[in-house]
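Here is what each chain is made of, one letter per residue.
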Amino acid sequence: TDMLVHNWQYSNWINLNANFVLIKQETGLFLLHVKRFQEIYLREQLKNMPLPFASRNLLVPISIAISNDLDKLEASFELFAEIGITLSWLTENTLLIRTIPLITPNLDLKGFILKVLSYKIQDITKQVILQELINHSSIDTLAISDIEKEKWGDYLAKKNNVCNNYLKALTIETLELFFHA
């Protein structure tokens, strides 16, 4: 755990693929599982954010055809609004999404809405919606901004340990196992 006591902000990030980033530090190399890290990071960010979440208007609203569960969706409009998603009806069976939360710019909106609708109406709670928001958020490793890397670096420094779930220190032994497996 002592090997992570340094400044993650000035690390070198190398995108390996959509799931992994190699982080080069003075103390060694680390493999970051981006999706796992993002889920934990996003969960913590959401936990500390006041409601309603900040949102941004979509230049072109997104429409989704909804063939069933219309009453269930209508009953959930207020919960969606709390997390920064403004919904309205374009037609009787077409949902219009006008805003999305700032914190989840790469949200799979259709998958998210349809998954929430798969729950029984009494089970659609703020906690369920937040969990599905996390599950349907993605990050493009090639599009991670320097600002986002800095935020992630601050978070990694705050945690100050290697978590087997999303961050792995690469040792000679680990690399030998990887290349000779």
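For every chain, the first residue of the written sequence is number 1, and numbering continues from 1 onward in sequence order. Thresholds applied to this predicted model are a pLDDT of at least 70 for local features of residues and 80 or more for the giving and counting of side-chain atom pairs; totals over whole chains, interfaces and linings are not thresholded and use all residues. Only heavy atoms go into the side-chain values, all of them from the structure, while hydrogens and water stay out.

Looking at this structure, how should I read the pattern of salt bridges?
By salt bridge we mean one thing: a side-chain nitrogen of Lys or Arg within 4 Å of a carboxyl oxygen of Asp or Glu. For the coordinates displayed, the defined rule picks out 1 salt bridge. Two residues, K35 and E39, come together in a salt bridge whose shortest N-O distance is 4.0 Å. Here K35 pairs with E39, and both are found in helix α1 (residues 34–47), just 4 residues apart, close to one helical turn. Note on exposure labels: buried denotes an accessible area under 20% of the residue type's maximum, exposed denotes more than 50%, and partly exposed covers the range between, all computed with a 1.4 Å probe on protein chains only. For K35, a relative accessible area of 24% gives the class partly exposed. Residue class for E39 comes out partly exposed when judged on its relative accessible area of 25%. Numbering of helices and strands runs from the N terminus, with a helix taken as a DSSP run of H or I at least four residues long and a strand as a DSSP run of E at least two residues long.

What exactly am I supposed to notice about the sheet that holds strand β1 (residues 12–15) here?
To summarise the sheet geometry, strands pair through backbone hydrogen bonds and adopt either a parallel or an antiparallel arrangement. In spatial order, the strands read β1-β2-β3-β7; together these 4 strands make up an open sheet with antiparallel pairing. Two strands close off the open sheet at either side, each with one partner strand: β1 and β7 (167–170). Taking each pair of neighbouring strands and ignoring which way they run, the sheet shows an average axis angle of 25°. Pairing between strand β2 (residues 20–25) and strand β3 (residues 28–33): 6 bridges, direction antiparallel. When the sheet's bridge partners are listed, Q25 is paired in β3 with G28. Contacts are assigned to residue pairs that have any heavy atoms within 4.5 Å of one another. Axis angles are defined between N-to-C directions and span 0 to 180 degrees, where every axis is a line fitted to C-alpha atoms and, for a helix, only to the segment in contact. Strands in contact with α1 are β2 and β3; relative to β3, the strand with the most contacts, it is inclined by about 70°. One requirement defines pairing of two strands: DSSP has to find at least two bridges between them.

Just to check I follow, could you spell out the side chain of S88 for this structure?
Structurally, S88 is set in strand β5 (residues 87–91). Within the structure, S88 has its side chain in polar contact with the side chain of R98 (distance 3.2 Å). The residues contacting S88, other than those within four sequence positions of it, are F77, T94, L95, L96 and R98. Any pair of N or O atoms that falls within 3.5 Å is considered a polar contact. Within protein, one atom must be able to donate a hydrogen and the other to accept it, and sequence-neighbouring residues count only if both atoms are side-chain atoms.

Is there a simple way to explain helix α3 (residues 109–117) in this structure?
The periodicity of an α-helix, 3.6 residues per turn, causes residues three or four positions apart to be oriented the same way. Within the span of α3, buried status applies to L109, F112, I113, V116 and L117. Across the axial projection of α3, the buried residues extend over an arc of 130°, all falling on one side. Check the buried side of α3 and you find it contacts β4 (55–65), α2 (70–82), β5, β6 (94–101) and α4 (126–135). To obtain the arc, one takes the directions from the helix axis to the C-beta atoms.

Please clarify how the nonpolar core should be interpreted in this entry.
Across soluble globular proteins, nonpolar side chains have a tendency to be buried as a group. Ranked by size, the top nonpolar core spans 26 residues in total, and within it L73, I85, L87, I97, F112 and I113 carry the most contacts. Residues within four places of F112 in sequence aside, it is in contact with F80, I83, I85, L107, I129, E132, L133 and H136. Within the second largest apolar cluster, 15 residues are counted, among which are W13, F30, L32 and W152. To form a nonpolar core, buried Ala, Val, Leu, Ile, Met, Phe, Trp, Tyr and Cys residues must be joined to one another through side-chain atoms within 4.5 Å.

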